[in-house]
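Residue strings, one per chain:
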Amino acid sequence: MVIAVSSDHAGYDLKQKVIAHLKSKGIEVIEEGATTGDSPFSYVEAGCALAEDVTSGKADKGIAICGTGIGISIVVNKYKGIRCGLCNNEYTARMVRQHNNGNVLAMGARVVGQAVALAMVDAFLTEEFAGERHAERVNDIIKLEDKFYK
Ligand code: RB5
């Protein structure tokens, strides 16, 4: 499993914690986005790099971090094939996999503490998509992409 992890400057410190956590579990990581927390780095650029890793197949899933998680989640959800949920706790991180077959987890470094963030990462990476009625809804999302993305 390869996980792309990206952040703007506001998410940089939490990104380092997430990367260390993933590596400690033997998970391969592609780091994108800010290289320091000190100078402004656009969440748009950070989100695009992550979305390209996931949509190209370089990464299996992505973790997107900015100050609130809002800006970067908006950006990655512009890409066809990305289903990103902005989550604030372990439950929603689990549900974005189980009900939405999400492939990107977004979080806000100014919103969640480190322990919650790492618990969200673990939930997101271990939970399976439940399929059945949820598959119909995800397929309807895919149909919307086919309709609106030329
Ligand atoms: C950066 O200050 C902040 O605007 C950004 O990290 C994010 O919260 C935007 O949605």
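Note that the structure is a prediction, hence the values are computed from the model and not measured. (Residues numbered from 1 in each chain as written. Predicted model: local features only at pLDDT ≥ 70, side-chain atom pairs only at ≥ 80, totals over all residues. Heavy atoms only, no water.)

1. A look at the side chain of Lys-15
Stage number 1. With respect to the helices and strands, the residue Lys-15 is situated in helix α1 (residues 12-24).
Stage number 2. Beyond its immediate chain neighbours, meaning those up to four positions away, Lys-15 contacts Val-5, Ser-6, Ser-7, Glu-31, Glu-32, Gly-33, Ala-34 and Ile-65. (Helix = DSSP H or I, 4+ residues; strand = E, 2+ residues; numbered from the N terminus. Contact = heavy atoms within 4.5 Å.)

2. Quick notes on the nonpolar core
Stage number 1. One finds Val-5, Val-18, Leu-22, Ile-63, Leu-105, Met-107 and Val-121 to be the most contacted residues of the largest nonpolar core, which totals 23 residues.
Stage number 2. Counting only elements with at least two residues in this core, the list comes to β1 (2-7), α1, β3 (61-66), α4 (90-98), β5 (104-108) and α5 (114-126).
Stage number 3. If one sorts the elements of this core by residue count, α5 sits on top with seven residues.
Stage number 4. In this structure Val-18 touches Val-5, Ile-63, Ile-65, Leu-118 and Val-121, once residues within four positions along its chain are discounted.
Stage number 5. Core analysis: the second largest hydrophobic core is formed by 16 residues, Val-2, Cys-66, Val-76 and Cys-84 among them. (Core = buried A, V, L, I, M, F, W, Y, C linked by side-chain atoms within 4.5 Å. Buried < 20%, exposed > 50% of the residue type's maximum accessible area, 1.4 Å probe, protein only.)

3. Some words on the site of the ligand
Stage number 1. Around the ligand, the structure places Asp-8, His-9, Ala-10, Tyr-43, Cys-66, Gly-67, Thr-68, Gly-71 and Arg-110.
Stage number 2. At a separation of 2.5 Å, an oxygen atom of the ligand approaches a polar side-chain atom of Asp-8.
Stage number 3. The contact in question runs from an oxygen atom of the ligand to an N or O atom on the backbone of Gly-67, over 2.7 Å.
Stage number 4. Protein coverage of the free-state accessible area of the ligand, which is 300 Å², stands at 71%.
Stage number 5. Classifying every residue of the shell around the ligand by side-chain character gives three nonpolar, four polar and two charged. (Near = heavy atom within 4 Å. Polar contact = N/O pair within 3.5 Å; in protein donor to acceptor, adjacent residues only side chain to side chain. Areas by Shrake-Rupley, 256 points an atom, 1.4 Å probe, with all protein chains shown as cover. Nonpolar A, V, L, I, M, F, W, Y, C, P; charged D, E, K, R; others polar.)

4. Examining unusual backbone geometry
Stage number 1. In this structure, Asn-101 is a non-glycine residue whose phi angle is positive, near 50°.
Stage number 2. Looking at the secondary structure, you find Asn-101 in the loop between α4 and β5.
Stage number 3. At Glu-132, a position not held by glycine, the phi torsion is positive, near 50°.

5. Brief notes about the environment of Gly-57
Stage number 1. Tracing the backbone through its elements, the reader meets Gly-57 in the loop between α2 (43-56) and β3.
Stage number 2. Spatially, the C-alpha atom of Gly-57 lies 9.4 Å from that of Val-2, the residues being 55 residues apart in sequence.

6. Thoughts on the sheet that holds β5
Stage number 1. The five strands are arranged β2-β1-β3-β5-β4 in an open sheet whose pairing can be described as parallel. Unpaired on one side and paired on the other, β2 (28-33) and β4 (84-86) mark the two borders of the sheet. Here the strands of the sheet are splayed against their neighbours by 20° on average, with no regard to which way each runs.
Stage number 2. When β3 meets β5, the two strands line up parallel, connected through five bridges. Considered in β5, the bridge of Ala-64 is made with Ala-106.
Stage number 3. Contacting β1, β2, β3 and β5, α1 runs over the sheet at an angle of about 170° to β2.
Stage number 4. Against the sheet, α5 touches β1, β3 and β5, its axis set at about 170° to β5. (Pairing = 2+ DSSP bridges. Axes fitted to C-alpha atoms, helices over the stretch in contact; angles between N-to-C directions.)

7. Re the pattern of salt bridges
Stage number 1. If you walk through the whole model with that rule in mind, you get seven salt bridges.
Stage number 2. Among the salt bridges present, the one from Lys-58 reaches Asp-53, with a minimum N-O distance of 3.4 Å.
Stage number 3. In this structure, the salt-bridge partner of Lys-80 is Asp-146, at a minimum N-O distance of 3.3 Å. Of the two residues, Lys-80 sits in the loop between α3 (70-76) and β4 while Asp-146 sits in helix α6 (residues 133-148), which places them 66 residues apart along the sequence.
Stage number 4. Taking the relative accessible area as the measure of exposure, Asp-146 reaches 43% and is therefore partly exposed.
Stage number 5. Through salt bridges that share partners, Glu-90, Arg-94 and Glu-127 make up one connected network. (Salt bridge = Lys/Arg side-chain N within 4 Å of Asp/Glu carboxyl O.)

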